[in-house]
Amino acid sequence: MNYKKHIAEKLSIENLNAEEIAAMLEVPPQSDMGDYALPCFKLAKTLRKAPPAIAEELKNSFVPDGVVCGVSVAGGYLNFRINRLRYAEETVKEVLEKGARYGASEEGGGRTICIDYSSINIAKPFHIGHLSTTVIGGALYKIFSFLGYKTVGINHLGDYGTQFGKLIVAYKRWGDKEKIEKGKLRELLKIYVKFHEEAEKHPELEDEARRYFKLIEDGDEESVALFDWFKELTLKEVDKVYKRLNVTFDSYAGESFYNDKMQPVIDELKEKGLLRYSDGAAIVDLEEYGMPPCLILKKDGSSLYATRDMAAAVYRKNTYDFYKCLYVTAYQQDLHFRQFFKVLELMGKEWAKDLVHVSYGMVSMEDGSMSTRSGKVVFLEDVLDKCVEKAARIIEEKNETLENKADVARQVGTGAVIFSALYNNKIKDIVFSYDKVLNFDGETCPYVQYTGARCNSVLKKGGDFGGFTVKSLTEEEYAVVALLGAFPDVVKEAGEKYEPSFVTRYAVDLAKAYNKFYIADKIIGSEENVKNFRLALTKAAHTVLKTAFGLLGIEIPDQM
Ligand code: ARG
């Protein structure tokens, strides 16, 4: 039974249908205030009445039934008290019945959402700065799939630009094939840095690099082969990290894929009278919209990042007919996205409104090692390795006899890294600290994982359990039930706001509530009916913790 819907159907409010009323219902922060609440201040404007008066009127005409047993007014809120026994029984049974699909929905109705994320640059290090885009995008991909959307994960590779000419020059002069095959991106970075050092002394190297870049563009066999090799090395290396982070892509169409797809866009801009020339460069003037001009073509006729992105957006619309197209990129690129979204709108693409920049904050390392100034790069792979290693040491100390220690360390260490980028509101800058992310107490990944493992061990000890009816409920039991019941809405909101952290926070809250219940209420050894309910509650909590973490790409060990 859908409780929000049921309450909504029992209320009559001018100009609102039951669905709209249901969407307004909230779950109060403390359960002693009620189980659902209608914030009446949201109605004050249209009903032209003070919120408490609205609440009072609605209360007077409300007739309680077997599902909702009471209503009360608190300030501008109308609070509803539901039949908790019935709710608990239904909710727990529903979770057990639906299992891993509990919380999933069909709201997407098969509509397509493209998600452009991770989008690394070829032959450049895959570093800690790429963590957020990779795991936020990965989580949104899973969340939208869970909500019934068709999702297309796109890695918009940075595989175009003069840097590839530089790399060829560097490779030809100082590169060693074997060394690069072995050291991969780290070796490529070394010769790339060397190029810049040498080019300071010998500026003619820059011209040579431009020539090689042109050769790639013209399809020169040797240059293209080198470029393809750099690409292959990069993808092989990042793929290992993607596997560890549980993220996948459906397309690796990068910037160079759009080489032959920009001209029609440029022609259309011209036709629609949107192109201006400024110092020989082609631009779209955006002054009217409070933005600097969007650069379309350089003086020498070459295209820019925005030109490629516009061609990519058109291509995606034609290929996938998306309902939404998301770009998960740091807030430093806010202007870039606002600009080309605007240009597409000016071109009359009505779907420009469906392009969304999901922007997020920066990650830096606690010891300051990730400052671009110091020029030091922190490879994501190294952070993962170090976290797994540290997790292994902690596990060794805490639980020496644990089975599958190495695998648990992998799950805990990797999870901690993912969690660090998904715990806060995504726009916040974060400082990564090994000690903080691996703390077993507090609002951390190991804490949630430990709770999941705890549920599992309770279930193992409890063995098979039979049916139950809920005849009474402790506060602690109900707190777990209320959270279980809220899960479908949490996932939905996480999708609506492009905010995986809602799911992360939820998992922490559920873990906390479960632990409180575990400490307060005896499970095994209680009277049969109570024991059965408590084991069922444990199983439901375990299921939902796993699902929630699964949406984030984090695993929960069976034992810890
Ligand atoms: N490769 C770019 C960078 O590292 C990110 C690309 C984001 N996606 C896009 N369609 N512009 O900054």
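Described in the following lines is the structure provided in the data block. (Residues numbered from 1 in each chain as written. Predicted model: local features only at pLDDT ≥ 70, side-chain atom pairs only at ≥ 80, totals over all residues. Heavy atoms only, no water.)

### As for the sheet that holds strand β9 (residues 324-330)
Move 1: Read across the sheet, four strands follow the order β5-β4-β9-β10 without closing on themselves; strand pairing throughout is parallel. With one partner strand each, in any of the chains shown, β5 (150-154) and β10 (355-360) form the two edges of the open sheet. Put simply, the sheet's adjacent strands are angled 20 degrees from each other on average, direction ignored.
Move 2: Where β9 meets β10, six bridges bridge the pair, whose relative direction is parallel. Each residue of the ladder has a partner; that of Thr329, found in β10, is Ser359.
Move 3: Packing of helix α13 (residues 305-320) onto the sheet brings it into contact with β4 (112-116), β5 and β9, and relative to β9 it is tilted by some 145 degrees. (Pairing = 2+ DSSP bridges. Helix = DSSP H or I, 4+ residues; strand = E, 2+ residues; numbered from the N terminus. Axes fitted to C-alpha atoms, helices over the stretch in contact; angles between N-to-C directions. Contact = heavy atoms within 4.5 Å.)

### What to know about the nonpolar core
Move 1: Residues Leu38 and Phe80 are the most contacted members of the largest nonpolar core, which totals 155 residues.
Move 2: Here Phe80 is in contact with Ile7, Leu11, Leu25, Gly34, Asp35, Tyr36, Ala37, Leu38, Phe62, Val68, Gly70 and Val71, once residues within four sequence places are set aside.
Move 3: In terms of nonpolar packing, the next biggest core, distinct from the first, is built from 36 residues, Ile154, Val284, Leu297 and Phe340 among them. (Core = buried A, V, L, I, M, F, W, Y, C linked by side-chain atoms within 4.5 Å. Buried < 20%, exposed > 50% of the residue type's maximum accessible area, 1.4 Å probe, protein only.)

### Some thoughts on the pairing of strand β3 (residues 77-82)
Move 1: By the bridge criterion, four bridges tie strand β1 (residues 36-39) to β3 in an arrangement that is antiparallel. Counted as the bridge partner of Leu38 is Leu78 from β3.
Move 2: Across six bridges, strand β2 (residues 68-74) lies against β3 in antiparallel orientation. Looking at β3, one finds that Val68 is bridged to Ile82.
Move 3: Count of turn residues in the β2/β3 antiparallel hairpin: two residues, of which Gly75 carries a positive phi of about 60 degrees.

### Brief notes about the packing of helix α20 (residues 501-520) against helix α21 (residues 528-552)
Move 1: Between α20 and α21, whose axes approach to 10 Å, the crossing angle comes to 160 degrees. When the axis of α20 is compared with that of α21, the two are roughly antiparallel. α21 is crossed by α20, and the crossing has left-handed handedness. In this structure, α20 uses Val503, Thr504, Tyr506, Ala507, Leu510, Ala511, Tyr514 and Phe517 to contact α21, whose residues at the interface are Arg534, Leu537, Thr538, Ala541, Val544, Leu545, Ala548, Phe549 and Leu552.
Move 2: Here the contact of α20 with α21 is composed, by residue class, of 14 nonpolar, two polar and one charged. (Parallel < 35°, antiparallel > 145°, perpendicular 65-115°, else oblique. Left-handed = near helix turned anticlockwise from the far one by under 90°. Nonpolar A, V, L, I, M, F, W, Y, C, P; charged D, E, K, R; others polar.)

### Some points on the site of the ligand
Move 1: Contacts to the ligand come from Asp116, Ser119, Asn121, His156, Tyr305, Asp309, Tyr327, Thr329, Gln333 and Phe337.
Move 2: With respect to the ligand, the side chain of Asp116 contributes an N or O atom lying 2.7 Å from a nitrogen atom.
Move 3: Take Asn121: an N or O atom from its side chain is 2.8 Å from a nitrogen atom of the ligand.
Move 4: Mapped by element, the contributors of at least two residues to the shell around the ligand are α13 and β9.
Move 5: Grouping the constituent residues of the shell around the ligand by class yields three nonpolar, five polar and two charged. (Near = heavy atom within 4 Å. Polar contact = N/O pair within 3.5 Å; in protein donor to acceptor, adjacent residues only side chain to side chain.)

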